[in-house]
Amino acid sequence: MVKYIGKRLLYMIISLWLIVTATFFFMRIAPGNPFTSEKKLPPEIEANLNAHFGLDQPWYAQYWDYLVRILNWDFGPSFKYKSQTVNDLINEGFPVSAMLGAEALLLAVSFGILLGIIAALKHNRWPDYTAMIIAVLGISVPSFIMATFLQYFLAIKMGLFPVARWETFMHTILPALALAATPMAFIARLTRSSMLEVLSNDYIKTAKAKGLSRGVITVKHAIRNALLPVVTYMGPLTAGILTGSFVIERIFGIPGLGAHFVTSINNRDYTVIMGVTVFYSILLLVSILLVDIAYGFIDPRIKLAGGKKGE
């Protein structure tokens, strides 16, 4: 286990270095600069700003300086938010984004698994068709369309929830539902197909032949194995829900990290774009590592220390 984790940490460091390098050079070759605006700055002022932020240095000096900053968990100053660093923006916005993401993740996993199990147990009957129609709608409708739909009908027309902002628990429900719709649909389809496969295995037939009740067979023998694909999906999903909340935060006026990220793209705020990208890359890599470790505990056939599946 220790050897496996050490090897994965090494891969994570290499992956992170590639992401940091690619992000740095993509920002450098992008047209314009952080001080490009409708009102052109005098050359002397722009030169002073470039010198202040180190943009007048050769690219390799800037690259090395950025790598050192990342190692010290310092993403540098923001070019647009005066007197604030990228670390300040992350510390301020990420707790809100994380809370929204956690709520959406809970909804997606809970209802996705429930729908998938119901669809598999009632295969080719109306509960199956109903669950799959919900899943198809969830996959087909983009989150920003779902957000607008929820705002119009549940908030404006029916007055059940606040339209926007982030103040009470009621303000969190609509953005969490909009964010959870697509992953919930994927989880429902994954769970359904996996459950159907598990329920056709010989050991399930043996359990039925022994006279075990349907509830015991489902809970004790089927669900655990059926959820393995869902667990695999959880790593990218965790980071995906957080990064996917950028648009939702913008629509609902939520003061999360997404608002800063979208604004930084419009303003060409290089350090914020790179800092948030690296931050979410770290989240994604850590999430995938935790899922892989959990996978080994859930499925005893997998040997994390280097053995082969099924040994």
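Structural data are supplied above this passage.
As a starting point, this report considers the structure included with it. (Residues numbered from 1 in each chain as written. Predicted model: local features only at pLDDT ≥ 70, side-chain atom pairs only at ≥ 80, totals over all residues. Heavy atoms only, no water.)

**A look at the side chain of Thr23**
Here is step 1: Relative to the assigned elements, Thr23 resides in helix α1 (residues 2–29).
Here is step 2: When near neighbours in sequence (up to four residues on either side) are disregarded, Thr23 contacts Met274 and Thr277. (Helix = DSSP H or I, 4+ residues; strand = E, 2+ residues; numbered from the N terminus. Contact = heavy atoms within 4.5 Å.)

**Remarks on the packing of helix α7 (residues 169–199) against helix α9 (residues 214–226)**
Here is step 1: Closest axis-to-axis distance for the α7/α9 pair is 8 Å, and the angle between their directions is 125°. Overall, the two elements α7 and α9 adopt an arrangement that is oblique. Seen along the crossing, α7 lies across α9 with a hand that is right-handed. The segment α7 lies against α9, with Ser194, Met195, Val198 and Leu199 engaging Thr218, His221, Ala222, Ile223, Asn225 and Ala226.
Here is step 2: Residues of the contact of α7 with α9, tallied by class, amount to 6 nonpolar, 4 polar and no charged. (Axes fitted to C-alpha atoms, helices over the stretch in contact; angles between N-to-C directions. Parallel < 35°, antiparallel > 145°, perpendicular 65-115°, else oblique. Left-handed = near helix turned anticlockwise from the far one by under 90°. Nonpolar A, V, L, I, M, F, W, Y, C, P; charged D, E, K, R; others polar.)

**A look at the pattern of salt bridges**
Here is step 1: Enumeration according to the criterion identifies 4 salt bridges in this entry.
Here is step 2: Across the pair Arg69 and Asp65 runs a salt bridge, and its minimum N-O distance is 3.2 Å. Remark: Asp65 and Arg69 occur in helix α3 (residues 59–71); sequence separation between them is 4 residues, near one turn of the helix.
Here is step 3: Its relative accessible area of 39% is what places Asp65 among the partly exposed residues.
Here is step 4: Between Arg69 and Asp74 there is a salt bridge, with the nearest N and O atoms lying 3.2 Å from each other.
Here is step 5: Accessibility expressed as a relative area gives 26% for Arg69, which makes it partly exposed.
Here is step 6: Note on Asp74: relative accessible area 29%, which makes it partly exposed. (Salt bridge = Lys/Arg side-chain N within 4 Å of Asp/Glu carboxyl O. Buried < 20%, exposed > 50% of the residue type's maximum accessible area, 1.4 Å probe, protein only.)

**Thoughts on the environment of Ala164**
Here is step 1: Along the polypeptide, Ala164 turns up in the loop between α6 (143–157) and α7.
Here is step 2: The exposure class assigned to Ala164 is partly exposed, which follows from its relative accessible area of 27%.
Here is step 3: Sequence-wise, Ala164 and Pro175 are 11 residues apart; in three dimensions their C-alpha atoms are separated by 8.6 Å.
Here is step 4: The residues touching Ala164, leaving out its near neighbours within four places in the chain, are Gln151, His171 and Phe252.

**Section: a nonpolar patch on the surface**
Here is step 1: A cluster of nonpolar side chains, contributed by Leu10, Tyr11, Ile14, Trp17 and Leu18, occupies part of the molecular surface with about 520 Å² of accessible area.
Here is step 2: With relative accessibility at 43%, the residue Trp17 sits in the partly exposed group. (Patch = residues over 30% accessible without salt bridge, like charges linked within 9 Å, V, L, I, M, F, W, Y side chains within 5 Å. Areas by Shrake-Rupley, 256 points an atom, 1.4 Å probe, with all protein chains shown as cover.)

**Focus: the packing of aromatic side chains**
Here is step 1: Scanning all chains against the criterion turns up 15 aromatic pairs.
Here is step 2: The interplanar angle of 90° and the centroid separation of 5.1 Å between the aromatic rings of Phe24 and Phe25 together place this pair among those described as edge-to-face.
Here is step 3: A ring pair is formed by Trp59 and Tyr60, whose centres lie 5.8 Å apart and whose planes are at 80°; its orientation type is edge-to-face. An identical accessibility class is assigned to Trp59 and Tyr60; each is exposed.
Here is step 4: Three or more aromatic residues link up through ring pairs in this structure, and these residues are Phe24, Phe25, Trp59, Tyr60, Tyr63 and Tyr66. (Phe/Tyr/Trp six-rings, centres within 6.5 Å; stacked < 30°, edge-to-face > 60°.)

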